[in-house]
Amino acid sequence: MTGDSPAPAMPSAPSAIEAADGVGERLLTFSYLGWWFSCAAQQVDAQTFRPVVFCRAHGGGDVEGPEHRLPPDTDNVAYGSEAEALRHAEQQAIRWAHDRTGDGQGRF
């Protein structure tokens, strides 16, 4: 990352996202293996984006439990487009769910 301005702070939850956070307006929300996920891409600078993933447990069709943000799953989380970062966020959410269900095979 280059430039003099610091990267925007990571939002703590989708409800905390503001225009100043650099998170694009696209928010991919889906349920998978008992979890609700909200995925977004946060603009770091003029050329790079990083994936942001929020999750919470759900049951009975209603969203339940506290919402939390997943930590980055790699050290270098800079992608050249919002779409690429959003796709990585979706893949991270799926891997995270598989890690908690005991399915190490990572079905996609």
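Everything quoted here is computed from the prediction, not taken from an experiment. (Residues numbered from 1 in each chain as written. Predicted model: local features only at pLDDT ≥ 70, side-chain atom pairs only at ≥ 80, totals over all residues. Heavy atoms only, no water.)

Undergrad: Can you walk me through the overall build of the chain in this structure?
TA: From N to C terminus, the chain includes one helix and five strands. When the helices and strands of the chain are placed in sequence order, the string is β-β-β-β-β-α. With 108 residues in all, the chain has 34% of them scored as buried. By sequence separation, contacts in the chain at least 24 residues apart represent 48% of the contacts at least 6 residues apart. Total accessible area on the chain stands at roughly 6,500 Å², and carbon and sulfur atoms take up 49% of it. (Helix = DSSP H or I, 4+ residues; strand = E, 2+ residues; numbered from the N terminus. Buried < 20%, exposed > 50% of the residue type's maximum accessible area, 1.4 Å probe, protein only. Contact = heavy atoms within 4.5 Å. Areas by Shrake-Rupley, 256 points an atom, 1.4 Å probe, with all protein chains shown as cover.)

Undergrad: What's the story with the nonpolar core in this structure? I'm lost.
TA: Most often, soluble globular proteins keep nonpolar side chains buried together rather than apart. Membership of the largest hydrophobic core comes to 13 residues, with the highest contact counts inside it found for Phe37, Cys39 and Val53. Going through the elements one at a time, strand 2 (35–43), strand 3 (49–59) and helix 1 (82–101) are the ones with two or more residues in this core. The dominant element in this core, judged by the number of residues it contributes, is helix 1, at six residues. The contact partners of Phe37, leaving out residues within four places of it in the chain, are Leu28, Thr29, Phe30, Tyr32, Val53, Phe54, Cys55, Leu70, Ala93, Trp96 and Ala97. (Core = buried A, V, L, I, M, F, W, Y, C linked by side-chain atoms within 4.5 Å.)

Undergrad: Where do I start with unusual backbone geometry in this structure?
TA: A negative phi angle is the norm for most residues apart from glycine, just as the trans form is the norm for most peptide bonds. Positive phi outside glycine occurs at Leu33, with the angle close to 50°. Mapping Leu33 onto the fold places it in the loop between strand 1 (28–32) and strand 2.

Undergrad: Can you walk me through the pairing of strand 1 in this structure?
TA: Looking along a regular strand, one sees the side chains alternate between the two faces of the sheet. With five bridges joining them, strand 1 and strand 2 adopt antiparallel strand pairing. Bridge pairing in strand 2 links Phe30 to Phe37. Between strand 1 and strand 2, which pair antiparallel one after the other, the connecting turn spans two residues, and Leu33 there sits at a positive phi close to 50°. (Pairing = 2+ DSSP bridges.)

Undergrad: Can you walk me through the packing of aromatic side chains in this structure?
TA: Aromatic ring pairs are described here by two measures, namely the spacing of the ring centres and the angle between the planes. Applying the stated criterion across every chain yields a total of three aromatic pairs. Here Trp35 and Trp96 contribute two aromatic rings whose centre-to-centre distance is 4.7 Å and whose plane-to-plane angle is 80°, an arrangement assigned as edge-to-face. Placement of Trp35 in strand 2 and of Trp96 in helix 1 is noted, with a sequence separation of 61 residues between them. There is no split in this pair, since Trp35 and Trp96 are both buried. (Phe/Tyr/Trp six-rings, centres within 6.5 Å; stacked < 30°, edge-to-face > 60°.)

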